[in-house]
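So the chains spell out like this:
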Amino acid sequence: MPNIVVDGVQVEFKPGEKIIDVAARAKNVIPRYCYHEGLSIVAQCRMCLVEIEGQKKLVTACSTPCTDGMKVNTTTDRVKKSVAGVQEFLLANHPLDCPICDQAGECSLQENSYKHGNEDTRFDFFRRTYIDVDMGPSIKKNMNRCIHCTRCIRYCDEVGQIHEMIAEQRGNNTAIVTIDDKPLQTAYAGGLADVCPVGSLTTKDFRFKKRVWYLKTAASICDGCSQGCNITVSHDAGLIYRLEPRENQEVNKWWMCDEGRYGFHHVHSPSRVMSPTDLRTSEMKSLNWSEASNAARELLKSARSIGLLVAADATLEEVVALKKSFPQAEFFSFSIGVDKSEDDKATDHLLRRKDKSPNLRGLEEAGFKPFSSFDPKNFDLCVFVSAGKVRLPYGIAKLAKKSIGMGLFFKEELTGLNLVLPACSTYEKAGTFVNQQGKKQCFAAAVQPVGMSRPLENILSALSDGARKVG
Amino acid sequence: MASFGKEFTTEMERIERFYPNKQAMLLPALHAAQAERGWISDSTMQDIADYLSIPKTRVKEVATFYHMFHLKPVGKYNLQFCNNIACWLRGSEELIHHAEKKCGIQMGETTPDGNFTISEVECLGSCGTAPVCQINDDYHENFDVQALDKVLGEMK
Ligand code: SF4
Ligand code: SF4
Ligand code: FES
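What counts as what
Residues numbered from 1 in each chain as written. Chains lettered and ligands numbered in written order. Predicted model: local features only at pLDDT ≥ 70, side-chain atom pairs only at ≥ 80, totals over all residues. Heavy atoms only, no water. Salt bridge = Lys/Arg side-chain N within 4 Å of Asp/Glu carboxyl O. Buried < 20%, exposed > 50% of the residue type's maximum accessible area, 1.4 Å probe, protein only. Helix = DSSP H or I, 4+ residues; strand = E, 2+ residues; numbered from the N terminus. Polar contact = N/O pair within 3.5 Å; in protein donor to acceptor, adjacent residues only side chain to side chain. Contact = heavy atoms within 4.5 Å. Buried area = accessible area lost by both parts, 1.4 Å probe. Nonpolar A, V, L, I, M, F, W, Y, C, P; charged D, E, K, R; others polar. Near = heavy atom within 4 Å. 1 Å grid on protein atoms, 1.4 Å probe; cavity = no way out; pocket = protein on both sides within 12 Å on 5 of 7 lines; lining within 4 Å. Sits in = over half its atoms within 2 Å of the grid points. Domains from an automatic or database assignment. Core = buried A, V, L, I, M, F, W, Y, C linked by side-chain atoms within 4.5 Å.

Draft legend 1. Main features of the pattern of salt bridges. Tallying each qualifying case throughout the model produces 36 salt bridges over all chains. Among the ionic pairs, Asp180(A) bridges to Lys182(A), the shortest N-O distance being 3.7 Å. Given the relative accessible area of 48%, Lys182(A) is considered partly exposed. Each of Glu168(A), Asp180(A), Lys182(A), Asp42(B), Lys56(B) and Lys60(B) takes part in salt bridges that share partners, so that together they form one network.

Draft legend 2. Inspection of the side chain of Glu61(B) at higher detail. By the element assignment, Glu61(B) lies in helix H4 (residues 56–65). According to the relative accessible area criterion, Glu61(B) is buried, its value standing at 18%. Within the structure, the side chain of Glu61(B) is placed 3.2 Å from the side chain of Arg58(B), a separation counted as a polar contact. Aside from chain neighbours lying at most four places away, what touches Glu61(B) is Ile153(A), Met165(A), Ile166(A) and Ala167(A).

Draft legend 3. Representation of the interface of chain B and chain A within the structure. Facing the 12 residues of chain B at the interface are 12 residues of chain A. Surface buried jointly by chain B and chain A totals about 1000 Å² across both partners, of which 49% is contributed by carbon and sulfur atoms. Taken together, the connections running from chain B to chain A amount to four salt bridges. Lys56(B) serves as the salt-bridge partner of Asp180(A), at 2.6 Å between the closest nitrogen and oxygen. Linking chain B to chain A there are eight residue pairs in polar contact (both at pLDDT 80 or more). If you tally residues by element for the side of chain B that touches chain A, the top one is H4(B), at seven residues. Among the residues forming the side of chain B that touches chain A, the class breakdown is three nonpolar, three polar and six charged.

Draft legend 4. Inspection of the site of ligand 1 at higher detail. Residues and elements named next belong to chain A. Not every one of the 14 residues close to ligand 1 is listed here, only the nearest: Lys141, Cys146, Cys149, Cys152 and Cys196. Structurally, ligand 1 is housed in the largest cavity. Per-class residue counts for the shell around ligand 1 are nine nonpolar, three polar and two charged.

Draft legend 5. Main features of the domain arrangement of chain A. All names here are of chain A. In terms of domains, chain A is made up of domain 1 (3–90), domain 2 (125–262) and domain 3 (268–468). One C-alpha centre belongs to domain 1, the other to domain 2; they are set 26 Å apart. Across the boundary between the two partners, domain 1 contributes 12 residues, which contact 13 residues of domain 2. Summing both sides of the interface, domain 1 and domain 2 together bury roughly 1100 Å²; the carbon and sulfur share of this comes to 59%. Three residues, Tyr33, His36 and Leu39, lead the burial of domain 1 against domain 2; their summed loss comes to 46% of the area buried on that side.

Draft legend 6. Region of the structure containing the nonpolar core. With 62 residues, the main nonpolar core has Met165(A) and Leu192(A) as its most contacted residues. If you list the elements that add at least two residues to this core, you get helix H2 (77–92), helix H4 (151–160), strand E7 (165–168), strand E8 (175–178), helix H5 (191–195), strand E11 (230–236) and strand E12 (239–245) of chain A.

As structure tokens, this is what we get:
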């Protein structure tokens, strides 16, 4: 393989690769603003200038392809001076309002300022200001902080495939706005906050909720549809604050949709049932776990036939546990959008799928029958498992002779259920989903189960004695 | 969508073979549209976008980038003063003030009768004959107050 030498370190490259990416493999992160792996290259911010031995001018590492034997230096005085100059230039008009900026702590401008910038400003004049436009429900624009890198414009054009962002005017007056100041029309607007290297575009959902340095992260999978986008869950003290895409070239590249991104608020919803609840009498009664297991065992004991309707966001591990606990029962899957995974298809050019559950394929592979063949009246007892975001058909428990709900239920969904055993949502548990491509994807738990909720496996093992006697 | 006149379409058809794609024809299209309609309104941008089958964002970016595209209606005579260094050193400021006084308007404005607009432009590339004023398509070089009075008188 051909190679280049970056600051004395030899790195191999594939023909066509740019210096910036090859250097990154050697843990040498060249500062950048306009460059983003997932977007076209414009080489306009000049932050990534490096020196190549034998070449008179500094070159942009983001747009210069490697050639065999190339010697790249990123720390010469010329490079340092140039990078500090670009940095100073970008800060000339910057409001420096980091204390009230949501990007602080994860801002490229801030980081590069510490690493490559001057301590002082020489700019004594009035700073340029703008009036902000409303960009719709997802994104908040603060144009004063913008550094004109145009990532957002390219993101809209190339990823969202909408041509709604524009650089108006020129030079010092350049304004990055939406065309005719209209709100953005895309299901991927949230990604603008990811690609914007500064605090100019932030999500309204996360704004002012938490300083980012307090956040811990967990690697997870979005449970919003069968794509199974890889995500990072940011949380603190048991609360989830935001979801962001995590790069996976085979599934979601660097992106995720807004529906997925903001689809975690149900976890902490005040109407979520957080303790085992007995609904057999007209009075709703909260139970402790041993009372709850007893109640469940009683219901199971009298049932000669059991049917389980499982929302297709149960993990493979939960499926195994369910099958083990109910060896004689019949299993049905439930998803929104499709009955069987063969009906699943892409609903846009990028990621979103018709099947609004993350693991229908996993359930089918375990032999679950489609929802269309499920009739609650055929069973003495129905167990409704709702393990994540997918909501089971409203009121279906009313059709069952007797029923237990396991998983995530909301107070307004309890009609017809005799007993509710609260279990974890996707982000409160670890597990595996099979996505639309048939890919098995594992994820870690982000937060502790909310309230008295427990992992489904624990609930099942506590009652398995009772269940085995059935049939 | 208002359609363009014959002149615009003939011009576009004439130049099409010189350009690699339709987006590349944006600048000549803006010129031709401005020649036909006097200025580039929002709906003209949309018309150009439709004509070239490109997003309106691409048209607006270019139209707002270049000062020679008028985003508001201009007067019958558009006095475009260069105020860059060479012209400025040679007295463009004084000329501008004089024109403002004569026409009774400020820089960037148009007289109520729609006759004159005064605007400032970047270097007209004629520093050797500074100060320069471009009135519509014509250069007036080595300009001075007397010459300005003269043309203003002729243009009434
Ligand atoms: S808003 Fe952000 S992404 Fe867009 S140009 Fe400005 S700094 Fe770049
Ligand atoms: S496309 Fe599907 S999996 Fe990806 S973020 Fe959106 S809802 Fe989640
Ligand atoms: S990152 Fe290379 S020029 Fe902007």
